[in-house]
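Summary of the model geometry
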Amino acid sequence: MDICYYGVAIAFFQIILLHTPNLGGWGEPQMMVFVSAYCMVDAINMTLFSNNMWNFPLLVNRGDLDYYLVRPVSSLFFISLRDFAANSFVNLLITFGLFAWALHRYPAPISPAKIMLFLALLLNGTLIFYCLNALANMAVFFTHSSEGFGHMIWTMMKFGERPDRIYTGLLRRFVTFVMPFALVASFPTRLLIETFDWRILAHTIVVAWCLFGFTIWIWGRALRSYSSASS
């Protein structure tokens, strides 16, 4: 995303809310907080991880991954954070401004403790999105495709750009457990602007760290399948 997309996202929900009093139980002030939340998660990912994940399949297919495996640090950590996107960092600063704007016009006071928890949970949401993106790209170890399945994750991220309450039945289970995009921004926003619920907090943290553990495990399995350039 970039600043133009952020403007489109704001306009999109404002137009929808001209025709309905709420969306997933949220009115316009709540939706603006939510929009700022997923824009911040996106900007963090674009700044830290996205370029690295985008180039990851190329490292595997060319055998260039060898260079990172011999380093005395976690190879997954090194690959995920080797490049910093300074241009996206500007977008990140803009999203913090968007969040400040959404809070300023919010009709009810929000405690500093809730804001701090919200920001911490956005980092938790960033971890979820990173893990899903990394897992999709790790498929290249087994399929030897040119791009892995990274495009699929970016397409499915659309699930995270809507309030979680609009999903019901099996689809809701899918976006809260299997591919937990609803936990990226929607759950943190609920904890910020609604009555605090320990179940939502526990669900968000447990799913994120279970997913992270699964990502580390898959990485180890994937490296066993890797045919280096020297082999």
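What comes next concerns the included structure. Everything quoted here is computed from the prediction, not taken from an experiment.

1. Overview of the overall build of the protein
Within the protein one finds 12 helices and zero strands. Its helices and strands taken in sequence order, the protein reads α-α-α-α-α-α-α-α-α-α-α-α from the N to the C terminus. Taken over C-alpha atoms, the radius of gyration comes to 19 Å for the protein, in line with the 17 Å a tight globule of 231 residues would show. Within the protein, buried positions represent 50% of all 231 residues.

2. Side note on the nonpolar core
By size, the foremost hydrophobic cluster in this structure holds 74 residues, and its most contacted members are Phe56, Met138 and Phe141. Top contributing element to this core by residue count: helix α7 (residues 112–138), with 14 residues. Aside from chain neighbours lying at most four places away, what touches Phe56 is Leu65, Ile79, Asn137, Met138, Val140, Phe141 and Trp219.

3. Observations regarding the environment of Asn55
Along the polypeptide, Asn55 turns up in helix α3 (residues 50–62). Classification of Asn55 as partly exposed rests on a relative accessible area of 31%. For the pair Asn55 and Val178, spaced 123 residues apart in sequence, the C-alpha to C-alpha distance is 25 Å.

4. Concerning a nonpolar patch on the surface
Together, Phe84, Phe89 and Leu93 line one region of the surface with nonpolar side chains, adding up to about 310 Å² of accessible area. Relative to the helices and strands, Phe84 resides in the loop between α5 (75–81) and α6 (86–104).

5. Structural notes on the pattern of salt bridges
Side-chain pairing between opposite charges can occur once the charged atoms of the two side chains come close. Applying the stated rule across the entire model yields eight salt bridges. A salt bridge links Glu28 to Arg105, with the shortest nitrogen-to-oxygen separation between them at 3.0 Å. Here Arg105 lies in the loop between α6 and α7 and Glu28 lies in helix α2 (residues 28–48), a separation of 77 residues in the sequence. Glu28 gets classed as partly exposed once you look at its relative accessible area, which sits at 21%. Residue Glu161 is joined to Arg162 by a salt bridge in which the shortest nitrogen-to-oxygen separation is 3.9 Å. By relative accessible area, which is 4% here, Glu161 ends up buried. Put simply, Asp164, Arg165, Arg172, Arg190 and Glu194 are held in one network by salt bridges that share partners.

6. A few points about the side chain of Ser88
Here Ser88 shows up in helix α6. Setting aside anything within four residues of it in sequence, one finds Ser88 in contact with Ala43, Met46 and Thr47.

Analysis parameters
Residues numbered from 1 in each chain as written. Predicted model: local features only at pLDDT ≥ 70, side-chain atom pairs only at ≥ 80, totals over all residues. Heavy atoms only, no water. Helix = DSSP H or I, 4+ residues; strand = E, 2+ residues; numbered from the N terminus. Rg over C-alpha atoms; globule rule 2.2 N^0.38 Å. Buried < 20%, exposed > 50% of the residue type's maximum accessible area, 1.4 Å probe, protein only. Core = buried A, V, L, I, M, F, W, Y, C linked by side-chain atoms within 4.5 Å. Contact = heavy atoms within 4.5 Å. Patch = residues over 30% accessible without salt bridge, like charges linked within 9 Å, V, L, I, M, F, W, Y side chains within 5 Å. Areas by Shrake-Rupley, 256 points an atom, 1.4 Å probe, with all protein chains shown as cover. Salt bridge = Lys/Arg side-chain N within 4 Å of Asp/Glu carboxyl O.

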